[in-house]
Amino acid sequence: MSVVIACYKWVIDEADLRINADLSVDSSKAKGKISDYDKNAIEASVQIAAELGGKPIGLTFGDSMSKNSLKDALSRGLEEAVWIQSEEAASADGRVTAQVMAAAIKKLENVSLIICAEGASDTYARQTAPRLGALLNLPVVTSVCNMQLQGQTLKLQRKLDDCLETVEVALPAIISVLPEVNEPTIPGLKAVMAAGKKPVTQWTGKDLGVDLQPRVQAAPLQGYVMNRKNIILQGEPAEQVQQMVAALRKEGVL
Amino acid sequence: MAGIYIYSDKANIAAELVTLARQAGKTAVLLAFDQDQADTLTQCGADQVCLLQGDSPLPENYAQAVADLLTQEGADLLAVGATARGRDLAARVAGYLDCGMASDVSSLSYQDGAWQCERMLYGGAVVQGQILMGLCVVTVPAGKFEAASGNCDITALTVGADTRVSLVEQTPIVKTGADLTNAERVVCVGMGLDKKEDLSMIQELANCLSAEIGCTRGVAEERHWLPVEQYIGISGAVIRPKLYLCLGVSGQVQHVVGVRDAKLIVAVDINEKAPIFRSADYGIVGDMYEVVPLLVQALKNA
Amino acid sequence: MSDTEKFDAIIIGAGPAGSACAYTLAKEGKEVLVIERADSPGAKNVTGGRLYTYALEMVEEGLTQEAALERRVTHEQIMLLDGDRSINIDYHNPAFNEAGQVPHAYSILRARFDEWFASKAEETGAMVACGIKVDELLVKDGKIAGVIAGEDEMYADVVIAADGVNSLMGQKAGLIKDISAASAGVGVKETIELPAEIIQARFNLNNEEGAARMILGCTEGIHGGGFLYTNQDSISLGCVFMPEEVARHGQSVHQIFQNLKMHPSIYPLLEGGETLEYAAHLVSEDGFRGIPGKLYRDGFLMIGDAAGFVINTGSSIRGIDLAILSGIAAARAVIDSQDPVRVGPAYMQELNNIGLIPAMKAVEGYKDLLEIPRIYTSYPGLAADVFTRLFTVDGQVPRSLRKEIKGLLKKNQLSLWQLLKDGLRGYRSI
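Residues numbered from 1 in each chain as written. Chains lettered and ligands numbered in written order. Predicted model: local features only at pLDDT ≥ 70, side-chain atom pairs only at ≥ 80, totals over all residues. Heavy atoms only, no water.

(A) A look at the overall build of chain A. If you tally the helices and strands in chain A, you get six helices and 16 strands. If one aligns the C-alpha atoms of chain A with their principal axes, the spans along those axes are about 75 × 40 × 40 Å. Across the 254 residues in chain A, those meeting the buried criterion constitute 54%. Element-wise, carbon and sulfur atoms account for 49% of the exposed surface of chain A, whose accessible area totals about 10800 Å². Across chain A, the 27 positively charged side chains and the 30 negatively charged ones have centroids separated by 2 Å. (Helix = DSSP H or I, 4+ residues; strand = E, 2+ residues; numbered from the N terminus. Buried < 20%, exposed > 50% of the residue type's maximum accessible area, 1.4 Å probe, protein only. Areas by Shrake-Rupley, 256 points an atom, 1.4 Å probe, with all protein chains shown as cover. Lys, Arg positive; Asp, Glu negative; His and termini not counted. Charge placed at Lys NZ, Arg CZ, Asp CG, Glu CD.)

Written as structure tokens, this is what we have:
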């Protein structure tokens, strides 16, 4: 039976991030979530797996906190999950992530299709799918906004900057999807209940024999701040407007 | 030759990345995958244009060839313009080279034998400094460097291309809105706008300012009051006008990041606690339905 | 479990009542499903608030030690406000904090506590499904047989409604009507973040101790009161009002609450803090008299706030401990009843055995005390005036205190006779 893999990532919800006065980033009160577009990838994998008569499997690489993602992911129609747990996941760069995922995928059999989101909501680096293609020697199609399975061939529409491009690729392949590709279903009660019973395979980075040292040296996160004048014009609306026009003129933008 | 290898499916970004190479004191080689592109690139001030000719019309399919070339030539860096195509190709090459990669850098420079860059995370709320050493790949958005110019020659190579993905057809996306990226003045409207008909008031203001009109994501993608090409933000248009005047825009990070390089940011919003005021040079806390007509009047009289 | 099987119990709501019930049932090996509409338990819940630990110890001895709690309450305070003035009585009992004993009460934050409690129930074997809203009750032959959520149907021997004040499930079961404005108060609350050291300095606490304060006179004469609790690194400040009077008053609940925040005796306690969240919730105000006539029907029980189990005596507000007790009572009823038809009456019996109904009955009279309008309109002012006179030394020849007090009563639109009548009414109610 063919396997369709949905790669997903457990990220910190950016809405919960707090920026301190010294611009350091406080994520201590932040809740985790499955990265937004990964839900589209999971939905796509469930749909294609059904069309292929295959099995959709979730694959994720994360630290111990990412365990919380498994029930959520499994409630979305996946039959199984593979969780590669490693504390180094938090500091992994694109190269390490792809190496780990590729090593895990190699251990699975009959993989027909690997689906990633175009990018994760925290880093939005968009490296995973293309790198996997290189590492696994599989064809890759990115920026997919529409997909159609025709036998063992995928007909895909890509939304690029200036054009819509339609390509074809024979399975096995790797694709990365844009959120336009589908509307993820909201899990119902039975789906949520079933999630807890689905099998989860757990591996570590060491099990897979991957070097988890990032090649990209990252500095600590800093809140993004713009230095702007922050002048609030006072007075009645008419006065405020007068001041604004004067300011625009003074700044030379009129 | 060693040095910095550059690719972009947009010639203007390629020209900008040549300047990057010059600032780093390195040779600049531009990559092309078809003759037309190669010809255009000879004007971009590089040391050489390298034309890779193979069996696929899709640049991404040349990743292995590019990786082999970089290794062979002892290249220092692959710099790719951050477009959808560019990111795809760049990450594939990074995969073949098994090297580090920094995507969509907001700044990039060469210091002490390493590439130092900054990236935005979490929708633009957070900045991270990164350092890459040795042969690596970066993708760079438009507008980070001045475009270089000057002539050079083309060297052509025949290479193998990945033909597993075949092109069926390409349809250009017809942009119905204005080109915001080149506008000097932009008036942006946010979710504070009550009804679609009120856009006429915004248009009048824009006309007085000789400005183009933009909007926030919700106005385009949820309300469909303006075409999606006109929404400004991290996943929409990123612009650098002289004047950015926004009305009824709350100022969420994902939007503000799209105008962070604007020379002057001016905001009008009814909510004094709106985050936009922290990102603005000048702000008026007020009802835009009151302020805009007054502003139009004042500008006409000016 | 296949589609044709059913649970021993389906509990709607993973708050303290639901989790206490699920825990107790699962411990006995019963098949339990808890359905929670928020993405995580506690996300939609609001409390002052504090928890009296005896209730957790009744679920399981030693549970308090594991629980996600804030500070042990060692300072109980009552504050009267009038204008800019305040009188604050602080009762401190180190015995509330003795080593080796289970501390008497803790301040809590619902998101943390509820999530912990539900996870304990899960550990014990209950299934908890979050992010799911129950739309309807399944009725078969006049008996409640399960629930309908979206497109899914789930069956159970008994459905237990733990869905909070103004229980939607209770209404669907036909046991209660939509809550009337006279029986529920509207509570608003802000959680204000402050470093633990600052809280401890301002309230004179060590790093595990906490203060709990009831505030009277902060509601512009409207029947209601304020509260303040110190958490680990935040302060919970809030106000409860009777909505009908608010409507007549002119100022909004939000405005009155902001005035409380800015009071010269309150503001310095919050200064420099950052508001983390602002929440509002209904609160049952009727005590024993507010308990619905019937708490069960065939295949269905109501527990916790859904059953109106809230006591307000002015000096103490109890909701969470009663919710937990009722959850235990319901669980015991399910466990001990051989025939599902007996569960309802068994539940009522357990509510008595566990002391919940007797406790509520015992303080039933407090509602009469708390309905005296002068408690909100005049007595705080009178007290402040008396203290002002007592503490003012301005060189003038002191006048007779007795005569002064008579004058103050008049100033506050009171008479000695009214004072005595209210005193008697209060005396009779306690």
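(B) Region of interest: the pattern of salt bridges. Residues and elements named next belong to chain C. The full count for this structure, using the stated rule, is 55 salt bridges over all chains. For Glu364, the salt bridge identified is with Arg289, shortest N-O distance 3.2 Å. A residue pair is termed long-range when its members are at least 10 positions apart, and Glu364 in the loop between α12 (356-362) and α13 (366-370) and Arg289 in the loop between β15 (274-284) and β16 (296-297) qualify at 75 residues. Overall, the relative accessible area of 28% leaves Glu364 in the partly exposed class. For Arg289, a relative accessible area of 40% gives the class partly exposed. (Salt bridge = Lys/Arg side-chain N within 4 Å of Asp/Glu carboxyl O.)

(C) Looking closely at the interface of chain B and chain A. On the side of chain A, 67 residues touch chain B, which itself brings 79 residues to the contact. Around 6400 Å² of area is buried between chain B and chain A when both sides are counted, 56% of it from carbon and sulfur atoms. Sorting the residues of chain B by area buried against chain A places B:Tyr122, B:Arg164 and B:Tyr282 first, and these three jointly supply 13% of that buried surface. Inspection of the chain B/chain A interface yields seven salt bridges. A salt bridge links A:Arg158 to B:Asp88, with the nearest nitrogen and oxygen atoms 3.2 Å apart. At the boundary of chain B and chain A, one finds 43 residue pairs in polar contact (both at pLDDT 80 or more). With nine residues, the top contributor of residues to the side of chain B that touches chain A is helix α4 (residues 84-97) of chain B. Classifying every residue of the side of chain B that touches chain A gives 44 nonpolar, 15 polar and 20 charged. Alignment of strand β16 (residues 231-232) of chain A against strand β16 (residues 282-285) of chain B, held across two bridges, turns out to be parallel. (Contact = heavy atoms within 4.5 Å. Buried area = accessible area lost by both parts, 1.4 Å probe. Polar contact = N/O pair within 3.5 Å; in protein donor to acceptor, adjacent residues only side chain to side chain. Nonpolar A, V, L, I, M, F, W, Y, C, P; charged D, E, K, R; others polar. Pairing = 2+ DSSP bridges.)

(D) Spatial organisation of the side chain of C:Thr64. Residue and element names in this part refer to chain C. The topology assignment puts Thr64 in helix α3 (residues 63-66). Within polar-contact distance, the side chain of Thr64 engages the side chain of Glu57 at 2.5 Å. Aside from chain neighbours lying at most four places away, what touches Thr64 is Thr53, Leu56, Glu57, Leu69, Val102 and Tyr106.

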